[in-house]
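What follows is the residue order along each chain.
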There are 2 protein chains.
Amino acid sequence: MGAGVATRSGESRRGSDPVDLLVRGTLVDVLTGTLRERAVAVDDGAVVALDPPETDQPATRELEAAYVAPGLIDAHTHVEASMVTIPQYGAAVVPRGVTSVVHDPHEIANVLGPEGVRAFVAGADRTPLKARTTVPSSVPASALQDAGATVDADAVTDLLDDDRAVALGEVMDVPALVAGEESVRAKVRAARERGLAVDGHAPGVTGDALQAAARVLDNDHESVAPAEAREKAEAGLRVYLREGSTSRNLADLVDLVNDVDTRRLSLCTDERDPADLLAAGGVDNAVSEAISLGVDPVTAVQMATVNTAEAYDLPFGRVAPGAPADLVLLSDLGSWAVDHVVVDGVVDPVEGDATAAASSPQPDLSTDTVAFEPVGAADLAIEHPGPGPVEVRVQSAVGDFRTERLTAAVPVETEAPPRGTDGVLVADTTADVLPMAVIERHGGAESSRVTDRGDVPAVGRGFVHNLGLDRGAVGTTVAHDAHNCLVAGRTHETMAAVANRLREVGGGICVYDSADGSFTTLELPVAGLVADAPLESVAAGFEAVTAAAATVGLSVPGGLLELTYQALEVIPTYRLSNRGLVDVERGELVDVVAE
Amino acid sequence: MGAGVATRSGESRRGSDPVDLLVRGTLVDVLTGTLRERAVAVDDGAVVALDPPETDQPATRELEAAYVAPGLIDAHTHVEASMVTIPQYGAAVVPRGVTSVVHDPHEIANVLGPEGVRAFVAGADRTPLKARTTVPSSVPASALQDAGATVDADAVTDLLDDDRAVALGEVMDVPALVAGEESVRAKVRAARERGLAVDGHAPGVTGDALQAAARVLDNDHESVAPAEAREKAEAGLRVYLREGSTSRNLADLVDLVNDVDTRRLSLCTDERDPADLLAAGGVDNAVSEAISLGVDPVTAVQMATVNTAEAYDLPFGRVAPGAPADLVLLSDLGSWAVDHVVVDGVVDPVEGDATAAASSPQPDLSTDTVAFEPVGAADLAIEHPGPGPVEVRVQSAVGDFRTERLTAAVPVETEAPPRGTDGVLVADTTADVLPMAVIERHGGAESSRVTDRGDVPAVGRGFVHNLGLDRGAVGTTVAHDAHNCLVAGRTHETMAAVANRLREVGGGICVYDSADGSFTTLELPVAGLVADAPLESVAAGFEAVTAAAATVGLSVPGGLLELTYQALEVIPTYRLSNRGLVDVERGELVDVVAE
């Protein structure tokens, strides 16, 4: 209509009635990309006006802050990496100004399947944190290990119908994606039909394969090098700059903000271990890091608010009339110094909630997921009649979640072999080649088992190099992606002791110190992955077990978290699964004994 | 997942098979906001890769261009303003690189209601132009005139279910919106429930009313002053910079690109008359204007592509793998010199289509919408026994679609009055005060009629100042918003002649020159608003009638288009509707005779 078609100005419904809350300060306006003095009027949980600072708008409560920013959104994370439930995660990060996470319950899905995912993500209803789900797309990781569950296209479709679902979760099988395999296409189609995004996971993918993947994917968070990130942005993907606990890529990638339109960039954590989440925070830490690396503060906040909101069509992540009142009141922007947090108009909603989360366990979470029978040394060892030494294939843990192929000669113990055997391959401690085992712990169908010993669980047995253990053993039921029970140690006896301890407590991470016979255990009873306990206590437990591991000599780069990737049979080169030693590049099981 | 979680690069499905099309040139990449040399590979209607320029990708067809941009999207327009159907509009603008419009069939809705809207927008299936609809929200404009139809909340809801619907159309009744009246709320709710946008229309609305409106609205295209535009952007609205035929606001507003994040700005035309659309183009003209005003070319293209695509969640408006191949090949970017246009992979799709559109009329369009019985002078005149002069209330047409209130003294013709009367008020030609009439032409229900003369139609009779006519009469069935038949002239006889001519041809715009007894008529038989004819012929007709109007002296600023707003009873001050003279500020009918 023509310019002259004037409409009479409407009356404000506010009138002289007080609003619930008025917050004065410098608004970090992510829509206009500006900083300006405003009085943010909040009523009934929503922002109702951005008034001039001199407004005489009455309010039930008034607050003042140096800066007022929208609540932050983590564009991609796995809550399980912080080893707590969603309400506990919320209790930890909401006070830091993280009012939303887009999270992928990939680990829970591998253990508990669709029903477990449903129960886990329902925790979002018990926290002010706006936890939105991307539906795990790649469970199980392969057919060479027994996970707890399969999430097929039908299950994905069902999960996408959940109100909290915002995307198909990181699609990991890029070859299948590019080849247009129906199993992947069906999941993508289900997301598209619902108007949802499709998250990518394409580390190191470039060239033609990237162009092909970009036809389907909306984003990627796996870039580690600037050229990779730029190529992905230029292929039309949203690029998420990751600042996790182990993968800290922000400093390497940050110059991208000068090369491409920043609207297509978001910040994410991907994973934060409990101690790091407690000490440094979640995506709030990425924001302050970005600012300290020279990113314009408004741009940095945009990358953790409106950009991500646009990626997933979220109604928050901005401060504007009509938007939910999710606000962070800061005394300093650059260091992200938080005074107060407002979620849906409620000031500092988490104090009470943290208590509630601690005292009122989230229902329906499975805490009986370590299903194997007690094991003995013989169950974890490779029988061999001797004489030794015997050439074996070994995965060398070199850090950054990588392994290298190694051949080593290990002794055969025939003089005092585990009961029931005539001899077994044992550690070559001088060469730091130690036995490792992966015990199926999901009580899987017999048909999926590769056991050769009757009623014992399906156990993969092999060797690992470079852990550095001086004594004792370590073990974990957090063992990507299938999350079986992985143990490694100087002797099969101590490995069995650790495995049995983890079995007793329902999962977690355990260190056995043979010097004093002590076990140090971080109990993670929910799915053997997380605890429904305040982050403070989980972080303390994580630090205790980390310290215990260091005491017994664990020196592999990445420490215990590195251990949790030793069974991931889709990352080169060798990986031990509960079915045996996987040659990842060949995509098949190989004998540990090389001759 | 961790950074080291590498996935094997996938194979491209392209292999050595030729793609359908390869376009080499400098890509205007609206996602990254950069210009760079690329070879855009197109297959099966979609972009499949952005290859390096040196690629040896085989292709069935290769094209080269200085620049390759995404097809443009007009963020808000009324196709009816160009007086053609959608296929004819498409035939005109697609070759200019406008491959999509978001259009509001507000005028059709006022004449033909929901069924007519459905038939009109179905024309989108007969053109490569991707015409997306915003559903008229404000039909009729008021209860003080008889439009052809009402589009109530139920009808809006039905229309929003059309696949082409992307938003609730411009909400004009800001007071009702701010007051939360259920009639408006129901329409807004229907849009929100479908995940669709809500377009605004808030000219001159500022302060508290703007903040309140911004809680509901997503955008506004009515800013005429920089401060107004900026305040709207700061209230969280997307701001559409309008460059229409009559409302050309771009030059005034363009500095906003330096003040706010340009992602929230879009370009639109709102309305382009046929001659202007033919000569200067649609939103392509706004892009080249923006560039000539100093806007960075990539930013200018973003404002007519990806920004608008984000506003309405459109899958095109970018050149990236997976996106529809809507491309504009340009020899020059600044002047928007188009060599070729590609839509869904089809090169220059409109040549054949223009012929098809011309030779194959769009079905189901109503062409019998001028429903009144033939009128005589007496039907259009205000009876008065005399003697004169008599004081009357007059709307003075001052341009920019504004009117001012005037009181004038007009003579009474009693010596040779129209048959059936004893005397009528007539023109004061020395003061340029001429009779005007608005004839209900929709065949509305008797109950809606205010006729006082039995079987004649419901006619509003009054006076207008400042048209400048030296002789003859002018008339139009394009008469916002109700689109009744408006006629004005030196005498009631000539006015009646024009009205009857328009009745005979089924609507349009007509000029009668009493010097030679000639009628010049632009026939607009579809709804009395548009013609299903090529833009070239409609533009020629529009220019002919414009020239004829100038010949008989029409000198009001805005010309014939100004005339089409003289019956719009929601814009101050006086407006004549078919029910009589409306005092807009008082919101009621008033007597023309002032004493």
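Treat the numbers as computed from the prediction; the structure is a model and nothing was measured.

Caption draft 1: Region of interest: the side chain of Q362 of chain B. Residue and element names in this part refer to chain B. Among the secondary structure elements, Q362 is positioned in the loop between α14 (350-359) and α15 (377-380). You can call Q362 buried: its relative accessible area is 6%. Side-chain polar atoms of Q362 contact the backbone oxygen of A119, separated by 2.9 Å. Leave out the neighbours within four places in its chain, and Q362 touches T85, I86, P87, A119, F120, A122, G123, R126 and D532.

Caption draft 2: Examining the confidence of the model for chain A more closely. Residues and elements named next belong to chain A. Averaged over chain A, the pLDDT score is 93; the fraction of residues at 70 or greater is 94%. Within the model, the stretch residues 1-13 combines pLDDT values under 50 with 60 contacts to residues more than four positions away or in other chains. Ignoring residues within four places in sequence, the model shows residues 445-456, a span with pLDDT below 50, making 20 contacts including any to other chains. Overall fold confidence for the complex sits at a pTM of 0.94, while the interface term, ipTM, reaches 0.93.

Caption draft 3: Examining the packing of aromatic side chains more closely. All names here are of chain A. With the rule as written, the count across this model stands at 6 aromatic pairs over all chains. One cation-aromatic arrangement involves R405 over Y574; the distance from NZ or CZ to the ring centre is 4.9 Å. Directly above the aromatic system of F519 lies the positively charged group of R501, at a separation of 4.2 Å from the ring centroid.

Caption draft 4: Highlighting the interface of chain A and chain B. Of the residues lining the interface, 77 residues belong to chain A; the matching set on chain B comes to 75 residues. For R36 of chain B, the salt bridge identified is with E234 of chain A, shortest N-O distance 3.3 Å. Here chain A and chain B share 14 residue pairs in polar contact (both at pLDDT 80 or more) between them. The leading source of residues in the side of chain A that touches chain B is strand β3 (residues 46-51) of chain A, at 5 residues. Residues belonging to the side of chain A that touches chain B are distributed by class as follows: 30 nonpolar, 22 polar and 25 charged.

Caption draft 5: Just the relation of the copies chain A and chain B, in detail. Taken as rigid bodies, chain A and chain B are interconverted by a rotation of 180° and an axial shift of 0.0 Å, the fit giving an RMSD of 0.1 Å. In the structure described here, the two chain copies are related by an operation that fits a two-fold rotation axis. Both copies present the same face, since 97% of the interface residues in chain A are matched by interface residues at the equivalent positions in chain B.

Caption draft 6: Examining the sheet that holds strand β2 (residues 34-43) of chain A more closely. Residues and elements named next belong to chain A. Strand order across the open sheet formed by 7 strands is β3-β2-β1-β4-β13-β14-β15, with mixed pairing between neighbours. Bordering the open sheet on either side are β3 and β15 (346-347), each of which pairs with just one other strand. Strand direction decides the pairing type here: strand β13 (residues 327-332) and strand β14 (residues 337-343), joined by 5 bridges, are antiparallel. Bridging across to β14, D332 finds its partner in A337.

Caption draft 7: The environment of A149 of chain A, seen in detail. All names here are of chain A. Summarising the element assignment, A149 is placed in the loop between β7 (130-135) and α3 (153-160). For the pair formed by A149 and P114, sequence separation is 35 residues and the distance between their alpha carbons is 8.1 Å. Excluding its chain neighbours within four sequence positions, the residues that come into contact with A149 are A109, N110, V111, L112, G113, V139 and P140.

Caption draft 8: How the structure looks around the packing of α3 of chain A against helix α5 (residues 182-193) of chain A. Residue and element names in this part refer to chain A. Relative orientation of the contacting elements α3 and α5 amounts to 15°, with a least axis distance of 9 Å. The pairing of α3 with α5 is recorded here as roughly parallel in orientation. Handedness of the crossing formed by α3 with α5: right-handed. Residues A153, V156, T157 and L160 of α3 lie in contact with α5, whose contacting residues are A186, K187, A190 and A191. Among the residues forming the contact of α3 with α5, the class breakdown is 6 nonpolar, 1 polar and 1 charged.

Caption draft 9: Layout of the nonpolar core. Among the nonpolar cores identified, the biggest contains 141 residues, and L267, V287, V301, W336 and F463 of chain B are the most heavily contacted of them. Ranked by the residues each element gives to this core, the list is headed by helix α2 (residues 106-121) of chain B, at 7 residues. Residues within four places of W336 of chain B in sequence aside, it is in contact with A69, L72, R96, G97, D284, V287, S288, V301, V328 and L330 of chain B. Among the nonpolar cores identified, the runner-up in size contains 140 residues, and V79, I108, V306 and V538 of chain A belong to it.

About the cut-offs
Residues numbered from 1 in each chain as written. Chains lettered and ligands numbered in written order. Predicted model: local features only at pLDDT ≥ 70, side-chain atom pairs only at ≥ 80, totals over all residues. Heavy atoms only, no water. Helix = DSSP H or I, 4+ residues; strand = E, 2+ residues; numbered from the N terminus. Buried < 20%, exposed > 50% of the residue type's maximum accessible area, 1.4 Å probe, protein only. Polar contact = N/O pair within 3.5 Å; in protein donor to acceptor, adjacent residues only side chain to side chain. Contact = heavy atoms within 4.5 Å. pLDDT = per-residue confidence, 0-100. Phe/Tyr/Trp six-rings, centres within 6.5 Å; stacked < 30°, edge-to-face > 60°. Lys NZ or Arg CZ within 6 Å of the ring centre and 35° of its normal. Salt bridge = Lys/Arg side-chain N within 4 Å of Asp/Glu carboxyl O. Nonpolar A, V, L, I, M, F, W, Y, C, P; charged D, E, K, R; others polar. Least-squares fit on C-alpha atoms with pLDDT ≥ 70 in both. Pairing = 2+ DSSP bridges. Axes fitted to C-alpha atoms, helices over the stretch in contact; angles between N-to-C directions. Parallel < 35°, antiparallel > 145°, perpendicular 65-115°, else oblique. Left-handed = near helix turned anticlockwise from the far one by under 90°. Core = buried A, V, L, I, M, F, W, Y, C linked by side-chain atoms within 4.5 Å.

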